[in-house]
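Inside the fold
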Amino acid sequence: DLTIKPYPIQKNVETSIDFKISKEGNPVPLEIDHERIVHVLNVRGDLEEFKHIHHEDFNELTEDNRKNAEFNIKNTFAEAARYAVVFEFTTAGKTLHRQLELNVEGQKRELTMNKDTNWIKAFGEYGVELIPLESIDTIVQKQNEIKAGEKTALLFRVIKDGAFVNNLEMYLGSEAHFAVWKEDLSEFMHQHAYVPIAGHGVTHGQVLFGPNLPVELTFPEPGFYKIFVQFKHQGKVITGDFWIEAK
């Protein structure tokens, strides 16, 4: 259930979205996962504008919110375009996500999808290198192409001022978050940094401090995917993005 104000959504205007997580009209009992009650991840249709936001970023989380499974986020959409919005939540120990599409109105401009497949990129003061691995437990670079339907181990290596970063901080209960969409928005994944003692999605204290942030993903179909990686350093959340092709 969604209530959007103002509606229709206009670009560059703060939009308030009230939403309820329900099943057959009844509120779903939700659990805190990675420090938040619901993760809302949205991306523009050309995959060039990404946000990862939460009810708690804008409001206190109250007992009424939890009892009624009613929450609120605020967002400003930069373009008149379509956006995919994913609501990710955990109930009865299982993490689920629901994706919907919102159309933002206003003066439109032509948006093109730039599939920059460079795997060494700069994001502000930080450099990040993407390295496909032979397996999640080794630092051996993969030589073969990435195949759809198979587990793929990826390593993200963080650099600042020409040196490896070795003092990364936890961000929302993980050393890194990875949000992935297929180019046509038909597939979505949200994964966290892999640590040997916990695997994925298991609450743990900090194990990885940098520069290496490994993750294991399965690209369900052949095609291009965009990966948004988020990590925290010196109190600042850094977001990077990479294109990858699965064959």
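Look a little higher up for the structure.
So, here is what we can say about the structure in this document.

Here is what the cut-offs are and how they apply
Each chain carries its own residue numbering, running from 1 in the written order of its sequence. Residue-level local features of this predicted model are given only where pLDDT is at least 70; pairs of side-chain atoms are given and counted only at 80 or more, and the full residue set underlies all totals for whole chains, interfaces and linings. Each side-chain value is worked out from all heavy atoms of the structure, with water and hydrogens disregarded. Note on conventions: DSSP H or I runs of at least 4 residues are helices, E runs of at least 2 residues are strands, and numbering of each starts at the N terminus. Within 3.5 Å is the distance limit for a polar contact, defined as a pair of N or O atoms, with the added protein rule that one can donate a hydrogen and the other accept it, and that residues adjacent in sequence qualify only through two side-chain atoms. Contacts between residues were defined by any pair of non-hydrogen atoms, one from each residue, lying within 4.5 Å. Any two strands are treated as partners once DSSP identifies two or more bridges connecting them. For helices, the fitted line uses only the C-alpha atoms of the stretch in contact; every axis is such a line through C-alpha atoms, and the angle between N-to-C directions lies from 0 to 180 degrees. Type-normalised accessible area, obtained with a 1.4 Å probe on protein chains alone, sets the label of each residue: buried when under 20%, exposed when over 50%, and partly exposed for intermediate values. The nonpolar core is taken to be a set of buried Ala, Val, Leu, Ile, Met, Phe, Trp, Tyr and Cys residues, with the residues joined through side-chain atoms within 4.5 Å. By definition here, a salt bridge exists when the distance from a side-chain nitrogen of Lys or Arg to a carboxyl oxygen of Asp or Glu is within 4 Å.

**Topic: the side chain of His-177**
By secondary structure assignment, the location of His-177 is in strand β14 (residues 177–182). In this structure the side chain of His-177 is engaged in a polar contact, spanning 3.1 Å, whose partner is the side chain of His-190. Polar side-chain contacts of His-177 include one of 3.4 Å to the side chain of His-192. Those residues in contact with His-177, other than ones at most four positions away along the chain, are His-34, His-52, Tyr-171, Leu-172, His-190, Gln-191, His-192, Phe-228, Val-229 and Gln-230.

**Quick notes on the sheet that holds strand β15 (residues 188–192)**
The strand order β15-β14-β17-β18 describes an open sheet built from four strands, whose pairing is antiparallel. The open sheet terminates on both sides in strands that have one partner only, identified here as β15 and β18 (236–246). Each strand axis lies, on average, 20° off the axis of its neighbour in the sheet, ignoring direction. Pairing analysis gives six bridges linking β14 to strand β17 (residues 223–233), with the strands arranged antiparallel. Within β17, the position partnered with Lys-182 by the bridge is Tyr-225.

**Some points on unusual backbone geometry**
Of the consecutive residues Tyr-7 and Pro-8, the connecting peptide bond is found in the cis state with omega at 0°. Residue position: Pro-8 is located in the loop between β1 (2–5) and β2 (14–20). Cis geometry is adopted by the peptide bond preceding Pro-211, which originates at Gly-210 and carries an omega value of -5°. The backbone of Glu-35 sits at a positive phi, close to 75°, despite the residue not being glycine. Under the relative-accessibility criterion, Glu-35 is labelled partly exposed at 45%. The phi dihedral of Leu-185 is positive, around 70°, even though this residue is not glycine. A relative accessible area of 5% means that Leu-185 is categorised as buried.

**Observations regarding the side chain of Asn-75**
Counting through the fold element by element, Asn-75 comes out in strand β7 (residues 70–76). Residue classification places Asn-75 among the buried residues on the basis of a relative accessible area of 4%. Of note is the side chain of Asn-75, whose polar atom sits 3.2 Å from the side chain of Lys-51.

**Topic: the nonpolar core**
Leu-154, Phe-156, Phe-219, Ile-227 and Phe-231 are the most contacted members of the largest nonpolar core, which totals 29 residues. Those elements that provide at least two residues to this core are β11 (126–133), β12 (151–160), β14, β16 (212–218), β17 and β18. With sequence-adjacent residues up to four places away left out, Phe-156 is seen in contact with Val-128, Glu-129, Leu-130, Phe-178, Pro-211, Asn-212, Leu-213, Val-215, Ile-227, Val-229 and Phe-242. Grouped together as the second largest cluster of nonpolar side chains are 22 residues, Leu-30, Ile-53, Ala-81 and Phe-87 included.

**Structural notes on the pattern of salt bridges**
Using the criterion set out here, one finds twelve salt bridges in the structure. A salt bridge links Lys-226 to Glu-48; its shortest N-O distance comes to 3.2 Å. Taken together, the positions of Lys-226 in strand β17 and Glu-48 in the loop between β5 (38–44) and β6 (50–53) put the pair 178 residues apart, joining distant regions of the chain. The salt bridge involving Lys-226 is made with Asp-241; its shortest N-O contact spans 3.5 Å. Highlighted residues: Lys-226 in strand β17 and Asp-241 in strand β18, separated in sequence by 15 residues. Shared partners join several salt bridges into a network, and the residues in it are Glu-48, Asp-116, Lys-121, Lys-226 and Asp-241.

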